[in-house]
Amino acid sequence: MVYRSKVSTFDYLGVPDKVRVTGWWCDQCGESILTGEDLKKYSLAFQTLKARVDQVLSPAEVAKVRERLGLSQRKAGELLGGGPRAFYKYESGEQTPSVPMSHLLRLLDHDPNRIQEIPEVKKKVRLGHG
């Protein structure tokens, strides 16, 4: 195995994509060993492709909507579902959001004021907490 930078090709459901990463590469069998930031970069590229093919939001799109709503990752998971670490996983590429979560985020992206209709948010606004 040789340690070098290389363009890695992968596919999801027959749709190909590429990402340049540094790792250990075997010229005979094509296998690789990726670690650290390069493994994260590869995983994020794969999750972005998967999101495009599955028609769900990519990690960057999830982060954009959440930030537009003014929510922390933890608060977004608590209010919108998935639990306190869900949005960390979506945004890091560790997990792809579900189709329903993507629909919800798209709707909120088009009309951020609708977040006020969520019961917990209504309660806090009524009590003067935000």
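These figures come from a predicted structure and were not determined experimentally.

A.B. asks: Please clarify how the pairing of strand β2 (residues 15-25) should be interpreted in this entry.
C.D. replies: Side chains on a regular strand alternate between the two faces of the sheet. Relative to β2, strand β1 (residues 2-12) runs antiparallel, the two being bridged by eleven bridges. Note that in β2 the partner of S5 across the bridge is T22. What sits between β1 and β2 in their antiparallel hairpin is a turn of two residues, with L13 showing a positive phi close to 50 degrees. Relative to strand β3 (residues 32-33), β2 runs antiparallel, the two sharing two bridges. Residue pairing for β3: W24 is matched across the bridge by I33. Where β2 folds back onto β3 in an antiparallel hairpin, the turn is made up of six residues, including G30, whose phi is positive at roughly 85 degrees.

A.B. asks: Could you clarify how one ought to interpret the nonpolar core in this entry?
C.D. replies: The nonpolar side chains of a soluble globular protein tend to be buried with one another. Of all hydrophobic cores here, the largest spans 16 residues; its most connected members are L80, F87, L105 and I115. Going through the elements one at a time, α2 (59-69), α3 (73-80), α4 (86-92) and α5 (99-110) are the ones with two or more residues in this core. Excluding residues within four positions of it along the chain, L80 makes contact with F87, M101, L104, L105, L108, I115 and I118. Counting residues in each nonpolar core, the second largest holds eight residues, with Y12, V19, W25 and L34 among its members.

A.B. asks: How should the side chain of D109 be read in this particular structure?
C.D. replies: With respect to the helices and strands, D109 occurs in helix α5. Of note is the side chain of D109, whose polar atom sits 3.3 Å from the side chain of K64. If we skip the residues at most four places from it in the chain, D109 touches K64, V65 and R68.

A.B. asks: Got a minute to help me understand the environment of V65 in this structure?
C.D. replies: With respect to the helices, strands and loops of the structure, V65 is situated in helix α2. By relative accessible area, which is 3% here, V65 ends up buried. The spacing of V65 and G30 is 35 residues in sequence and 38 Å in space, taken between C-alpha atoms. With near-sequence residues (within four places) excluded, V65 lies in contact with L105 and D109.

A.B. asks: For this particular structure, what's the right way to read helix α1 (residues 36-54)?
C.D. replies: Given 3.6 residues to a turn, an α-helix orients residues that are three or four positions apart in the same direction. An ideal rise of 1.5 Å per residue puts 27 Å on 19 residues; α1 measures up with 27 Å between its terminal C-alpha atoms. Buried within α1 are the following residues: D38, A45, Q47, L49 and A51. Turning to α1, the residues buried within the fold contact β1, β2 and α2. A positive phi of about 60 degrees marks Q55, the residue just after α1.

A.B. asks: What is the right way to look at the pattern of salt bridges in this model?
C.D. replies: Pairing between side chains of opposite charge can happen when their charged atoms approach one another. One pass over the structure, following the stated rule, counts ten salt bridges. Between K64 and D109 there is a salt bridge, with the nearest N and O atoms lying 3.3 Å from each other. Residue K64 is located in helix α2, and its partner D109 is located in helix α5; the two are separated by 45 residues in the primary sequence. For K64, a relative accessible area of 46% corresponds to the partly exposed category. In this structure D109 comes out as buried when scored by relative accessible area, which is 16%. Put simply, D109 and R68 hold a salt bridge, and the shortest N to O gap is 2.9 Å. Placement of the pair is D109 in helix α5 and R68 in helix α2, with a sequence separation of 41 residues.

What counts, and where the lines are drawn
Residues numbered from 1 in each chain as written. Predicted model: local features only at pLDDT ≥ 70, side-chain atom pairs only at ≥ 80, totals over all residues. Heavy atoms only, no water. Pairing = 2+ DSSP bridges. Helix = DSSP H or I, 4+ residues; strand = E, 2+ residues; numbered from the N terminus. Core = buried A, V, L, I, M, F, W, Y, C linked by side-chain atoms within 4.5 Å. Buried < 20%, exposed > 50% of the residue type's maximum accessible area, 1.4 Å probe, protein only. Contact = heavy atoms within 4.5 Å. Polar contact = N/O pair within 3.5 Å; in protein donor to acceptor, adjacent residues only side chain to side chain. Expected span 1.5 Å × (residues − 1). Salt bridge = Lys/Arg side-chain N within 4 Å of Asp/Glu carboxyl O.

None of the figures reported here should be taken as evidence of function without further support.
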